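A look at the structure
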Amino acid sequence: MEAAAGAEQPEWLRELGAAATLPGGEAPGGPAAPLGAGEATLPAGTEAAKLPGWLSNLAPAKPAPVAGVHLAPVALPSWLEAMRPVEVQRPTITPEVDDYEETVGVLAGLHGVLRPQPAVTQPGKSATQVHKLAISDAQAKQADLLVRTLAEGTQAHPAAKRSFWMALPLARLAVFAVLFVAFVTPLIFPEAKGFYTPAPRWNQAAQDAYNVVNDLSPAEPVLVAFDYDPAQAGELDPLAQAIISNLQRHSVPVVGISTSPVGAATGEALLSRVFTDTAAYGSQYVNLGYLPGGPVGMLELTSGLKPLFAADYRGNDTKWVWDTTFLSRTQQLSSFGAIVLVSATPDTVRAWVEQLQYASPRPAIVAAVSAGAEPLVRPYYDPEPAKAQIRGLVSGILGAAQYERQSGAAGVASGEMWDVLGWGLVAIIVMLIVGTLFYGVTGLLSRQKR
Amino acid sequence: MNNLGAVLAALLTLFILSYLIGDNPFYRLAASLFVGLTAGYAVVVALSNVIWPQMITPLLTVLKAPENFDVSRTVLAVIAFILSIVLIFKLFASTTRPASCVTALMVGVGVAVAVGGTLAGTLIPQVQAAFIPLWSTKGTASFLESLAEGFFMVVGTVATLWFFYYGGRARPGLPTERPGWVKALAPVGEVFLGTTFGVMYAGAIVASLAVFAQSWLNVLNGLQVLWNLRSFIGLP
């Protein structure tokens with residue numbers, strides 16, 4: 001092929017080929033690539049030809065070393081070192097392979113042809129995290145400590161186990177011991193009985209309550225609302241018993257109701273204790289039982305009792321309750337001589353007073369309340385009957401003891417209950433004074449130390 | 001039966017008092033009994049005193065004894081029965097809507113009664129009661145006593161109301177605070193309020209002490225009963 005090509009080459013081309021031939025007889029560019037149609041190789045030795053002087057002077061000069069300045073590398077602080085930009089890894093570009101053969105256009109069939117969409121222009125994501133924070137070991141330990149500290153705050157830790165004796169609430173046991181000794185003293189030592197007597201002077205409100213009950217006639221029954229639970233019976237049973245015993249002595253019939261289901265049972269127990277004669281039920285007292293609805297039930301009571309109580313607490317039917325007992329002539333609220341509210345909470349008394357105002361004429365209301373409820377019930381009391389929403393107010397064991405003494409009958413409140421309560425009150429007063437002094441002094445001393 | 005009740009009362013009281021040494025099974029038994037018995041008893045009383053005689057019996061009377069038919073009671077019983085059944089639907093999520101109407105009726109009626117009673121039974125009478133003369137010649141109290149009482153009533157009422165005045169004026173660069181005339185009188189109201197709360201606390205202590213004393217008397221009563229019955233249990 002080369003002979004045929006040399007034979008057909010023009011003379012000037014043959015001369016160029018002879019000049020470019022190296023001593024080894026090989027073209028300087030290596031063996032010529034196989035020719036395609038219309039392709040000719042470059043003359044060999046072209047690269048080895050001596051460059052003209054003006055072209056060789058254009059070669060870049062080597063940089064001259066800087067003399068006289070030697071900078072030692074400085075140790076950067078860790079926080080600054082952490083800010084050193086991380087080398088961005090150059091994106092990996094798949095190299096072009098030479099076996100690509102173009103298939104379209106005028107370059108069809110040629111190898112080594114640049115593709116119309118080179119890889120360098122293809123969008124890609126760097127595989128390296130540019131914003132990677134460099135954390136030292138000390139920083140990692142401190143961060144871990146912070147995380148553990150925060151986690152401990154949200155975790156529940158069981159209380160440390162202590163021995164049985166160390167776990168005892170000593171202060172609570174000490175208070176109990178003092179109160180127990182105070183309670184037992186009047187029961188063991190007869191000299192301690194009657195040591196404390198109820199105050200002789202009675203307040204006006206309690207006196208008015210006694211007067212209202214004392215002035216009732218047997219023709220007008222009294223409605224007694226037992227609005228307290230058995231849990232409060234320790235304080236209110238003596239008070240209610242004192243009032244109901246006074247009513248019994250005056251032969252005033254008693255009608256019991258309650259706005260709480262368990263209060264009806266408490267009332268039944270108390271009435272059975274006072275009226276020991278079983279035949280008294282129906283002639284001297286009746287327990288109508290539970291009045292549902294709260295304030296709505298109280299309001300309905302002002303319209304009449306019979307529609308609200310189809311049976312009494314003991315299950316006797318309506319015919320027996322409203323036709324054969326003394327209630328046959330007392331079916332409206334206005335027929336009652338008085339209403340006695342026995343309650344442990346001021347809210348119940350307030351609800352009764354608010355709803356009973358719609359009854360006309362309204363019977364006199366007497367409140368017998370717990371000692372803790374008295375301050376909030378007192379605003380409803382007034383000495384003047386025309387202005388009073390509550391005509392009388394008795395409270396607590398003290399009120400019960402004074403009521404019994406006023407009525408001339410001994411009862412639970414003025415007996416051993418008052419002795420026990422009196423000694424207990426003295427023990428509490430002593431503990432309050434001692435505790436106040438102790439904590440006051442220790443508080444002052446600790447403030448001085450600071 | 002009374003003896004058994006006395007012994008049981010003493011025993012349960014001691015179980016409750018055992019909480020002094022910490023939570024224990026005896027205390028839990030007594031507390032559970034208390035809660036369970038209270039709830040159960042309340043249900044039985046409501047059933048026997050209210051539901052059965054006022055709702056079930058009138059409906060049964062219509063079926064069993066039509067001659068004793070009472071129109072008003074029967075109509076009310078039917079309405080109550082229907083509303084009760086609808087209220088049961090509140091247990092199921094898909095049928096809550098109709099039951100909510102019944103609840104709304106109950107709440108609405110209760111609130112209306114309470115608000116009306118509060119307005120006419122507490123607010124207006126208490127405001128009227130606060131208008132008292134500073135000097136009064138009525139009653140057995142002397143002129144000075146009446147004057148002092150009236151003065152304390154007026155000052156106490158006004159100062160207590162002033163204490164609850166929380167309106168403030170915002171000024172640029174300064175924190176919002178109450179007007180000076182309110183700040184001067186509010187501590188006086190605070191004194192009255194504190195005194196009232198102190199009296200209430202003292203009353204609560206006395207009430208608790210009374211209940212505690214009664215509990216111990218129950219324990220002693222129970223022990224007394226056991227002592228009296230010692231021959232039955234084989235003791236000399």
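Residues numbered from 1 in each chain as written. Chains lettered and ligands numbered in written order. Predicted model: local features only at pLDDT ≥ 70, side-chain atom pairs only at ≥ 80, totals over all residues. Heavy atoms only, no water.

**Re unusual backbone geometry**
Positive phi, close to 60°, is recorded for S251 of chain A, a residue that is not glycine. Residue placement: S251 of chain A occurs in the loop between α9 (233–249) and β2 (254–258). (Helix = DSSP H or I, 4+ residues; strand = E, 2+ residues; numbered from the N terminus.)

**With respect to the environment of L161 of chain B**
By secondary structure assignment, the location of L161 of chain B is in helix α5 (residues 143–163). As a C-alpha pair, L161 of chain B and Q224 of chain B span 63 residues in sequence and 55 Å in three-dimensional space.

**Some thoughts on the interface of chain A and chain B**
Across the boundary between the two partners, chain A contributes 51 residues, which contact 42 residues of chain B. Across the chain A to chain B interface the summed buried area is about 3,800 Å²; carbon plus sulfur atoms make up 73%. The three residues of chain A that bury the most area against chain B are F176, F183 and E354 of chain A, which together make up 12% of that side's buried surface. The tally of links between chain A and chain B comes to zero salt bridges. Our enumeration of links across chain A and chain B arrives at eight residue pairs in polar contact (both at pLDDT 80 or more). Only α7 (170–188), α9, α10 (261–274), β3 (285–290), α11 (295–301), α13 (346–356), α14 (374–377) and α16 (413–449) of chain A provide two or more residues apiece to the side of chain A that touches chain B. Split into classes, the residues belonging to the side of chain A that touches chain B amount to 36 nonpolar, eight polar and seven charged. (Contact = heavy atoms within 4.5 Å. Buried area = accessible area lost by both parts, 1.4 Å probe. Salt bridge = Lys/Arg side-chain N within 4 Å of Asp/Glu carboxyl O. Polar contact = N/O pair within 3.5 Å; in protein donor to acceptor, adjacent residues only side chain to side chain. Nonpolar A, V, L, I, M, F, W, Y, C, P; charged D, E, K, R; others polar.)

**Some thoughts on the pattern of salt bridges**
Residue and element names in this part refer to chain A. Across all of its chains, the model carries eight salt bridges over all chains by this definition. Across the salt bridge formed by D237 and R273, the nearest N and O atoms sit 3.1 Å from each other. Here D237, found in helix α9, pairs with R273, found in helix α10; they are 36 residues apart in sequence, far enough to count as distant. Relative accessible area serves as the criterion here: at 13%, D237 is assigned to the buried category. In this structure R273 comes out as partly exposed when scored by relative accessible area, which is 43%. R378 is the salt-bridge partner of E374, the closest N and O atoms lying 2.8 Å from each other. (Buried < 20%, exposed > 50% of the residue type's maximum accessible area, 1.4 Å probe, protein only.)

**Topic: the nonpolar core**
Core analysis: the biggest nonpolar cluster contains 96 residues, and Y228, I244, I257, L288, L301, L333 and W352 of chain A have the highest contact counts within it. Discounting chain neighbours no more than four positions away, the residues touching I257 of chain A are L223, V224, A225, F226, N287, L288, G289, L291, L301, F309 and W352 of chain A. Counting residues in hydrophobic clusters, the runner-up holds five residues, among them A264 and Y290 of chain A together with V45 and V50 of chain B. (Core = buried A, V, L, I, M, F, W, Y, C linked by side-chain atoms within 4.5 Å.)

**Comments concerning helix α4 (residues 96–130) of chain B**
All names here are of chain B. With 35 residues, α4 extends 48 Å between its outermost C-alpha atoms, agreeing within 8% with the 51 Å of an ideal straight helix rising 1.5 Å per residue. The largest bend in α4 comes to about 35°, at T118. Every buried residue of α4 is accounted for by A99, V102, V113, G117, G121, T122 and P125. (Expected span 1.5 Å × (residues − 1). Bend = angle between axes of the 7 residues up to and from the residue.)

**Some remarks on the confidence of the model for chain B**
Reading fine detail from the predicted coordinates is not recommended where pLDDT is low. Residues and elements named next belong to chain B. Scored by pLDDT, chain B comes out at a mean of 85, with 95% of its residues at no less than 70. Looking at the elements of chain B, mean pLDDT is at its lowest for α5, recorded as 84, and at its highest for α4, recorded as 90. Listed scores for the predicted complex are pTM 0.71 and ipTM 0.85. (pLDDT = per-residue confidence, 0-100.)

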